[in-house]
Every structure is written in structure tokens, then in C-alpha cells.
Amino acid sequence: MAQLFPIRLPLSRRQPMAAGAARAPYRGPAHMPSQAPWAWAVLGAVLGALVCGLLFAPARWLAAWLQQASSGQLVLQEARGTLWSGSARVTLTGGAASQDSATLPGRLQWQVRPVFSGGPAGLALQLSADCCVNPAWTWRVSPQWGGARVAVSDSNSQWPAQLLTGLGTPWNTIAAQGQLAISTQSLVLSWTGGRLQVAGSAQLDAINLSSRLSTLRPMGSYRFTLSGGAAPMLQLSTLGGALQLSGQGQWVGNKLRFVGEASSAPESLAALSNLLNIIGRRDGARSLIKVG
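All values reported here derive from a predicted model rather than from experimental measurement.

## Some words on the overall build of the protein
Turning to step 1, where the next piece is worked out: Scanning the protein from N- to C-terminus turns up four helices and 16 strands.
Turning to step 2, where the next piece is worked out: When the 292 residues of the protein are sorted by exposure, 32% land in the buried category.
Turning to step 3, where the next piece is worked out: A sequence separation of at least 24 residues applies to 37% of the contacts in the protein between residues at least 6 apart.

## Concerning the pattern of salt bridges
Turning to step 1, where the next piece is worked out: On inspection of all chains with the given rule, the structure shows four salt bridges.
Turning to step 2, where the next piece is worked out: Residues D205 and R223 are paired through a salt bridge, measuring 2.7 Å at the closest nitrogen-oxygen approach. Of this pair, D205 sits in strand 10 (residues 195–210) while R223 sits in strand 11 (residues 220–229); the two residues are 18 residues apart in sequence, bridging distant segments of the chain.
Turning to step 3, where the next piece is worked out: Several salt bridges share partner residues, and in doing so they unite E261, D283 and R286 into one network.

## Digging into the pairing of strand 1 (residues 74–81)
Turning to step 1, where the next piece is worked out: By the bridge criterion, six bridges tie strand 1 to strand 2 (residues 85–93) in an arrangement that is antiparallel. By the bridge assignment for strand 2, G81 is matched with G86.
Turning to step 2, where the next piece is worked out: In this structure, the hairpin formed by strand 1 and strand 2 is closed by a connection of three residues.

## Regarding helix 4 (residues 269–279)
Turning to step 1, where the next piece is worked out: Taken residue by residue, helix 4 has L272, L275 and L276 as its buried positions. When helix 4 is viewed along its axis, its buried side chains cluster within an angular range of 110 degrees and face the same direction.
Turning to step 2, where the next piece is worked out: Close packing links the buried residues of helix 4 with helix 3 (171–174), strand 13 (243–252), strand 14 (255–264), strand 15 (281–283) and strand 16 (286–291).

## Description of the state of the cysteines
Turning to step 1, where the next piece is worked out: Within the structure shown, the criterion is met by one disulfide.
Turning to step 2, where the next piece is worked out: Disulfide pairing places C131 opposite C132 at an S-S distance of 2.4 Å. Taking the sign of the S-S torsion, -95 degrees for the link of C131 and C132, the bridge is left-handed.
Turning to step 3, where the next piece is worked out: Using a relative accessible area of 35% as the deciding quantity, one classes C131 as partly exposed.

## Section: the nonpolar core
In globular proteins that are soluble, nonpolar side chains generally tend to be buried together.
Turning to step 1, where the next piece is worked out: Core analysis: the biggest nonpolar cluster contains 47 residues, and L76, W110, W159, M219, Y222 and L243 have the highest contact counts within it.
Turning to step 2, where the next piece is worked out: When residues no more than four places from it in sequence are discounted, the contact partners of W159 are L104, C132, V133, W137, G178, Q179, L180 and I182.

## Some thoughts on the confidence of the model for the protein
Turning to step 1, where the next piece is worked out: Per-residue pLDDT for the protein averages 84, and the proportion of residues at 70 or more is 81%.
Turning to step 2, where the next piece is worked out: Averaged over each element, pLDDT in the protein is lowest for helix 1 (residues 37–55) (53) and highest for strand 12 (residues 233–241) (96).
Turning to step 3, where the next piece is worked out: Below a pLDDT of 50 lies the segment residues 1–14, which in the model reaches one contact outside its immediate sequence neighbourhood of four places, other chains included.

## Quick word on the side chain of S211
Turning to step 1, where the next piece is worked out: Looking at where S211 falls in the secondary structure, it is placed in the loop between strand 10 and strand 11.
Turning to step 2, where the next piece is worked out: A relative accessible area of 1% means that S211 is categorised as buried.
Turning to step 3, where the next piece is worked out: Engagement of the side chain of S211 in a polar contact is seen with the backbone oxygen of I174, the distance being 2.5 Å.
Turning to step 4, where the next piece is worked out: Other than its neighbours up to four places away in sequence, S211 contacts I174, A175, R217, M219 and L275.

## Side note on the pairing of strand 2
Turning to step 1, where the next piece is worked out: Most of strand 2 sits out of view: seven of its nine residues are buried.
Turning to step 2, where the next piece is worked out: Bridge analysis of strand 2 against strand 4 (residues 108–115) gives four bridges, and the strand direction is antiparallel. Bridging from a neighbouring strand, S85 pairs with Q111 of strand 4.
Turning to step 3, where the next piece is worked out: Two strands pair when backbone bridges link them, and strand 2 and strand 3 (residues 101–103) are joined in this way by three bridges, in the antiparallel orientation. Bridge pairing in strand 3 links T91 to T103.

## Regarding the environment of Q203
Turning to step 1, where the next piece is worked out: Secondary-structure assignment places Q203 in strand 10.
Turning to step 2, where the next piece is worked out: For the pair Q203 and T225, spaced 22 residues apart in sequence, the C-alpha to C-alpha distance is 4.6 Å.
Turning to step 3, where the next piece is worked out: When sequence neighbours within four positions are dropped, the list of residues in contact with Q203 reads A181, I182, S183, R223, F224 and T225.

## Observations concerning the packing of aromatic side chains
Turning to step 1, where the next piece is worked out: Within this structure, the stated rule accounts for one aromatic pair.
Turning to step 2, where the next piece is worked out: Taking 5.3 Å as the distance between ring centres and 65 degrees as the angle between the ring planes, the aromatic pair formed by W137 and W139 counts as edge-to-face.

## So, helix 2 (residues 59–69)
An α-helical turn contains 3.6 residues, so a residue and the one three or four places further along point in the same direction.
Turning to step 1, where the next piece is worked out: Among the residues of helix 2, A59, L62, A63 and L66 are the ones counted as buried. Buried residues of helix 2 fall within an arc of 100 degrees about the axis and therefore sit on the same side. For helix 2, the exposed residues lying more than 90 degrees away from the buried face are R60, W61, W65 and Q68.
Turning to step 2, where the next piece is worked out: Elements that come into contact with the buried residues of helix 2 comprise strand 1 and strand 4.

Quick notes on the rules
- Residues numbered from 1 in each chain as written.
- Predicted model: local features only at pLDDT ≥ 70, side-chain atom pairs only at ≥ 80, totals over all residues.
- Heavy atoms only, no water.
- Helix = DSSP H or I, 4+ residues; strand = E, 2+ residues; numbered from the N terminus.
- Buried < 20%, exposed > 50% of the residue type's maximum accessible area, 1.4 Å probe, protein only.
- Contact = heavy atoms within 4.5 Å.
- Salt bridge = Lys/Arg side-chain N within 4 Å of Asp/Glu carboxyl O.
- Pairing = 2+ DSSP bridges.
- Arc of directions from axis to C-beta.
- Disulfide = S-S within 2.5 Å.
- Core = buried A, V, L, I, M, F, W, Y, C linked by side-chain atoms within 4.5 Å.
- pLDDT = per-residue confidence, 0-100.
- Polar contact = N/O pair within 3.5 Å; in protein donor to acceptor, adjacent residues only side chain to side chain.
- Phe/Tyr/Trp six-rings, centres within 6.5 Å; stacked < 30°, edge-to-face > 60°.

Here it is, written out as C-alpha cells:
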């Protein structure tokens with residue numbers, strides 16, 4: 001009878017599976033659904049669209065952001081190309097409610113690319129303009145703890161002083177004419193915890209300036225010099241002309257404190273009197289300038 005009805009051991013007492021025996025793959029609990037293949041396809045399509053959108057973002061997105069960030073004072077008109085490589089006509093205005101505007105002759109070209117060598121990783125912005133910037137001007141922007149760092153390439157550029165009239169008061173009243181020459185040397189600007197730090201130097205020469213407030217043309221040529229250090233210094237001097245300007249200042253935290261004066265040769269005082277009244281607080285033949 002034992003041979004006809006063999007004894008079946010309980011499941012817990014069965015012998016282990018012999019070596020080499022095939023084992024069915026584990027499919028998990030019956031209630032767990034398998035991952036649908038279309039979900040991965042949708043995820044890949046979304047990521048691809050985001051990457052393409054970033055790489056081919058139109059230049060007008062940059063124009064819209066700059067106009068909003070500058071409260072309408074910096075406008076990129078007729079923007080062409082992409083966020084990374086494009087061109088536009090640059091217009092300065094007095095703001096959203098202002099009727100003043102001035103446009104740079106020609107077009108400004110830009111290129112933006114990531115950089116990882118030769119300094120902290122970041123983005124390199126390259127600017128060029130047939131009228132004003134040649135060779136290109138490179139600004140390397142790198143994030144850092146609590147702020148940002150901007151390294152500016154050594155460059156020389158010239159800009160029409162008339163462009164400033166677009167910024168509204170007081171530039172539209174002065175209506176300056178002449179040339180603005182900007183040069184930089186090993187210039188690095190850093191903002192950490194709201195404090196500005198400067199290394200290197202920058203120089204702005206205002207050449208043969210004139211104003212509709214004076215019949216004297218030109219009034220003179222002037223130089224602003226920014227010098228880096230523990231306390232960045234700004235110095236104003238006169239290169240030549242009947243209108244004499246001088247002064248110096250420094251950054252304290254993120255604020256500029258500047259003290260200077262404007263004066264005129266006696267024979268030119270009548271022609272420069274209106275301008276002296278606007279530049280600063282009038283003190284006889286002088287005008288005292290104070291900022292901060």
C-alpha cells in the first residue's frame with residue numbers, strides 16, 4: 001500500500017533544488033504592474049524638448065529679460081539669432097514712462113558659451129560692435145559663494161556720448177556730445193555678501209565734450225580712473241579745456257562716496273555758468289559735487 005500512496009512531505013521539508021536546475025524568474029507580487037514602455041518615451045521627449053529649447057532659445061527672450069531687469073532702460077531692438085549667439089540694435093531710454101531714447105549706430109553682436117578652464121567655471125559673454133567695440137570684449141561671469149565674479153578682458157572701445165541722452169534726467173538736459181573711450185586692464189569685479197571688491201583697473205576718457213547748455217564747444221576732455229584694492233578708488237581729472245573737473249571717491253560697502261568740484265577760467269565763466277549750476281551746488285565760480 002505504501003508504494004501505491006507515497007507520502008508527500010510538507011512544503012517546508014522539501015529538499016533544495018538540485019544544482020543546475022532551471023528556476024522560473026521572479027515576477028514580483030501579482031498586484032505590481034510592470035513599467036509601461038511609453039512612460040520612458042514621454043520622459044525622453046520632455047527632456048529633449050527642454051534641451052532643445054535651451055540651446056535654441058530665441059534672442060527675443062534675452063531682449064525681454066534685459067528690458068524687464070533694467071526697468072525699461074536697456075532695450076534690444078530687432079533682436080536676431082539665439083540666446084547664445086545673436087545681434088540687436090541697442091537703445092537706452094529713461095524708463096517705461098519716458099519719451100527719451102537714443103540708439104547705438106549699427107548692431108551689437110554677442111556670443112555666450114560655458115567655460116571650465118583658465119579660471120572658475122562659468123559663462124563667457126563676448127561683445128562686439130562695428131561702431132564701438134573691435135576686437136571683441138569678453139566678460140567671464142562665475143558664481144561664487146554668496147555672490148558672483150566678473151572678469152573683464154583687456155580691451156579698448158569707443159562710444160558716442162550722445163547715447164547717454166536716452167537715459168533721461170539729467171542726461172537729456174546736459175545733452176552731451178563727444179566720444180567716450182573705455183579701456184580695462186586685468187579688471188575683476190566680485191560681489192560677496194553685498195560688498196564690491198575690485199582688482200585691476202578701468203579708465204573712461206570723455207573726449208571733446210560739449211553740451212547744449214553752453215556755447216563753448218568743446219568744453220574739454222576728462223578722465224575717470226577706477227583702481228582696485230581693499231577700498232576701490234575713483235578719480236576724476238581734466239585732460240584739457242576751459243571747464244575744469246576734479247574729484248576722488250571710494251566704495252564703502254556697495255556705495256560710492258565721491259567729492260569733487262567744477263570750475264571755469266574767468267574768460268569762459270559766462271558760457272559755462274548754466275552748466276555749473278546743474279553739475280553741483282554752486283559756490284561762487286565753483287560748483288561742488290558730492291555723491292553718497
